[in-house]
Amino acid sequence: MSPVEWRNRHRFIWWLIALHAAGLFGYGLARGIPPLHAAEHVTPLVLSLLGAGYPRLGRRLRSAVATLGLVGSTAVVIHVADGMPEAHLHFFVTLLVIMFYQDWLAYLVAAAVVVVEHIVIDPIAPHAIYTHPDGTQPPHAWAALHLMFLGAASAAVLVHWRVTERAQDARDRAVAELEYRTSHDALTGTLNRAEFERRVATALVATGRDREPYAVCAANLDRFRIVTETCGQAAGDELLRQVAAALRELDPHADLARLGGDRFAVLLPGHTLADAVAYAERLRCRLAQRGFGNADRAFEVTASIGVVPVTSLALAPQEVIGAAEAACYAAKDKGRNRVEVYEPDDAALARHRNAVEWAARVMAALREDRLELYFQPIVPVSGHAHGRFGELLLRLRDTDGTMVAPGAFLPAAERYDLLPALDRWVVGATFAALARHYAGRPADGDRYSINLSGPSVGDPRFLEYIRAQLAETGVRPDLVCFEITETVAITDLTAAADFISTLRGLGFHFALDDFGAGLSSFAYLKCLPVDYLKIDGNFVRGITRDPVDRLMVESVNGIGHRLGLRTIAEFVEDDEILGCVRAAGVDFAQGYGIARPGPFQRWLERSVWPCPTTANAAG
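Residues numbered from 1 in each chain as written. Predicted model: local features only at pLDDT ≥ 70, side-chain atom pairs only at ≥ 80, totals over all residues. Heavy atoms only, no water.

(A) Region of the structure containing unusual backbone geometry. Positive phi outside glycine occurs at R336, with the angle close to 70 degrees. Here R336 is to be found in the loop between helix 12 (317–333) and strand 7 (339–341). At D514, a residue that is not glycine, the phi angle is positive and equals roughly 55 degrees. For D514, a relative accessible area of 26% puts it in the partly exposed group. (Helix = DSSP H or I, 4+ residues; strand = E, 2+ residues; numbered from the N terminus. Buried < 20%, exposed > 50% of the residue type's maximum accessible area, 1.4 Å probe, protein only.)

Structure follows, in structure tokens:
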């Protein structure tokens, strides 16, 4: 029983005894008992009140003293009532009240009083217990009969108590388990982020009030993804459990939390900044020495660690934890496997804070539907149109209405694994817009290109999402051309090829973006079943002044045509570049020299489409 619950019940019993003392004194006077004699009867009750209310006595002892007062009140009731049998019913009520304590000591005290009264006093002085003739002739038989009834009542109460006690224990275990689950990480048994924030908040109060030093260390495993991608998720989970165990061994008294993924944090009470840095170095060395093995593979385990002192200047626990994580990512940026102390003016930390802010803004934009589709046309260099063609681009509408270009928020989205969510939004929005626009009208060779990020390529769940959107919107798949970059394709060539083949089998088209950026571009090109080849814009931009760039454009274009692919030149910024691209034999051109990006819906509704002879058309 919790202390609060016990206090409430004890207070009720104390007042019950007090009412008995006052009531029995008045009842004695009403029965003609002299005041002094009536006061003597209730004196034991008053003494029990004093003992039960004495705060220096322990909880169980106070319960026992109150129990004596309750049983004593029964004895006084029987005595003042001249031993009437009906007065003995008072004990049964008292017995139920005593069970409120759920304490064996209290029950045993009550049982002992009854046993002494009926086994010792009753046979020796029956008139002290009963005033009627049946109770005194013979006293032993009546005492045995009385004890039998009391024993039966006690047995019933005890059974009820035990059942209630077990139910209470089961409830307490369920509540404790629920509290544990809501405050701890299921995989590692460490605190979760919400509970860790609560404890950091407590530390902030203690720092301001007691000047006790605290520090927070944030640790992020280096190259954790290699373990999961090589050995599977189960191996990654086992590594996280081992890392948590190592952190516990280093300081069992520290508050350890898993913030998410492979990120841990430790709250160190009584640690100055120097103490915390020393702790972080010990932690870094321990992890580096520990390693991790799975089957016939062994991995080096290192961590980047950020350290921040907990000061009363921080406004919220999230601010402290965010500073520690910023220092942690600064350690990663500076080479990994190192400790970095938070410095508000550090340039790397400023970049991380900026990335965190942008990630939060991206999540808010996804949640509040503040993303916009923009569009930039891709036109045939020859000037002979074969339907509308262009690339879908993403914009974020900020809270003040400003349109934010992807260069500002995509790096943060990539760092915080938000690219798959953005890909899904773009696919869903594009499919819905195209289905509405082309409902009941011919496509006439029109094609719209959607960029896909690395995490989405080869993800079976993303494939299922595309299939679901295709079925839901009814959009014609030949309207859509997906783009993946060369870098994404060569990361896992087999997975990329399977991904492309699956979607081409559904009727979609594919383009390989930024081609020529890799050293082995031509070697793997024949393995990828794409339709378009987008020449890396860095070569196109320098085509008018750099012979090497011109040669690369011509080479990529020639190889693409040999493989039956159509080529697209990006970054066509002016007529001079367009002329060189046309001379090189490239099929399509895209860039500000052709048309600037504009809202997708506006482009869909246009009746006039740009061509190379109408450069710089307004979007």
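Once you've had a look at it, read on.
(B) The arrangement of helix 15 (residues 419–437) in detail. Relative to the 27 Å expected for 19 residues at 1.5 Å per residue, helix 15 spans 27 Å between its end C-alpha atoms, a close match to the ideal helical length. For helix 15, every residue scored as buried is listed here: L419, L422, D423, W425, V426, V427, G428, T430, F431, A433, L434 and H437. (Expected span 1.5 Å × (residues − 1).)

(C) View of the packing of helix 1 (residues 3–30) against helix 3 (residues 59–80). At their nearest, the axes of helix 1 and helix 3 sit 10 Å apart, and the two run at 25 degrees to each other. Here helix 3 runs roughly parallel to helix 1, going by the angle between their axes. As for the relative orientation of helix 1 and helix 3, their crossing is left-handed in sense. In this structure, helix 1 uses P3, W6, H10, I13, L16, I17, H20, L24, Y27 and G28 to contact helix 3, whose residues at the interface are R59, R62, S63, A66, G69, L70, S73, V76, V77 and V80. A per-class count over the contact of helix 1 with helix 3 returns 12 nonpolar, six polar and two charged. (Axes fitted to C-alpha atoms, helices over the stretch in contact; angles between N-to-C directions. Parallel < 35°, antiparallel > 145°, perpendicular 65-115°, else oblique. Left-handed = near helix turned anticlockwise from the far one by under 90°. Contact = heavy atoms within 4.5 Å. Nonpolar A, V, L, I, M, F, W, Y, C, P; charged D, E, K, R; others polar.)

(D) View of empty space enclosed by the protein. Tallied over the entire structure, the rule returns one cavity of 30 Å³ or more. Taken as a whole, the largest cavity encloses approximately 40 Å³ of empty space. Secondary structure elements with two or more residues in the lining of the largest cavity: strand 1 (214–221), strand 3 (263–269) and helix 12. In the lining of the largest cavity, the residues fall into six nonpolar, one polar and two charged. (1 Å grid on protein atoms, 1.4 Å probe; cavity = no way out; pocket = protein on both sides within 12 Å on 5 of 7 lines; lining within 4 Å. Points joined across faces, edges and corners; volume = space filled by probe spheres on them.)

(E) Main features of the pattern of salt bridges. Tallying each qualifying case throughout the model produces 26 salt bridges. D459 is the partner of R461 in a salt bridge, and the nearest nitrogen-oxygen pair spans 3.4 Å. Overall, D459 belongs to the buried group, its relative accessible area being 15%. The partner of E464 in a salt bridge is R467, and the shortest N-O contact between them spans 2.8 Å. (Salt bridge = Lys/Arg side-chain N within 4 Å of Asp/Glu carboxyl O.)

(F) Structural view of the side chain of R258. Tracing the chain through its elements places R258 in strand 2 (residues 255–260). On the basis of relative accessibility, which here comes to 16%, the residue R258 falls in the buried class. Engagement of the side chain of R258 in a polar contact is seen with the side chain of D185, the distance being 3.2 Å. Among the polar contacts listed, one links the side chain of R258 to the backbone oxygen of G261, at a separation of 2.9 Å. With residues up to four places along the chain from it excluded, the contact list for R258 reads D185, L187, T188, T190, L191, N192, R193, L240, R263 and F264. (Polar contact = N/O pair within 3.5 Å; in protein donor to acceptor, adjacent residues only side chain to side chain.)

(G) A look at the sheet that holds strand 3. In space, the five strands of this open sheet follow the order 2-3-1-6-7, with mixed pairing throughout. Bordering the open sheet on either side are strand 2 and strand 7, each of which pairs with just one other strand. Sheet twist, expressed as the mean angle between neighbouring strand axes with direction ignored, is 20 degrees. Note that strand 1 and strand 3 share seven bridges and pair antiparallel. In the sheet register, A218 faces strand 3, and the bridge partner there is A265. Lying over the sheet, helix 8 (residues 193–210) contacts strand 1, strand 2, strand 3 and strand 6 (303–310), oriented at roughly 25 degrees with respect to strand 3. Contacts from helix 11 (residues 273–290) reach strand 1, strand 3, strand 6 and strand 7, with the element oriented near 165 degrees to strand 6. (Pairing = 2+ DSSP bridges.)

(H) Fine view of the pairing of strand 1. When you tally the buried positions in strand 1, you get eight out of eight residues, the bulk of the element. Burial of strand 1 is two-sided: the residues Y214, V216, A218 and N220 facing one way and the residues A215, C217, A219 and L221 facing the other way are all buried. Sheet topology note: the strand 1/strand 6 ladder contains eight bridges and is antiparallel. When the sheet's bridge partners are listed, Y214 is paired in strand 6 with V310.

(I) Structural context of the environment of D498. Tracing the backbone shows D498 in helix 18 (residues 493–505). With 40 residues separating them along the chain, D498 and G458 place their C-alpha atoms 7.5 Å apart.

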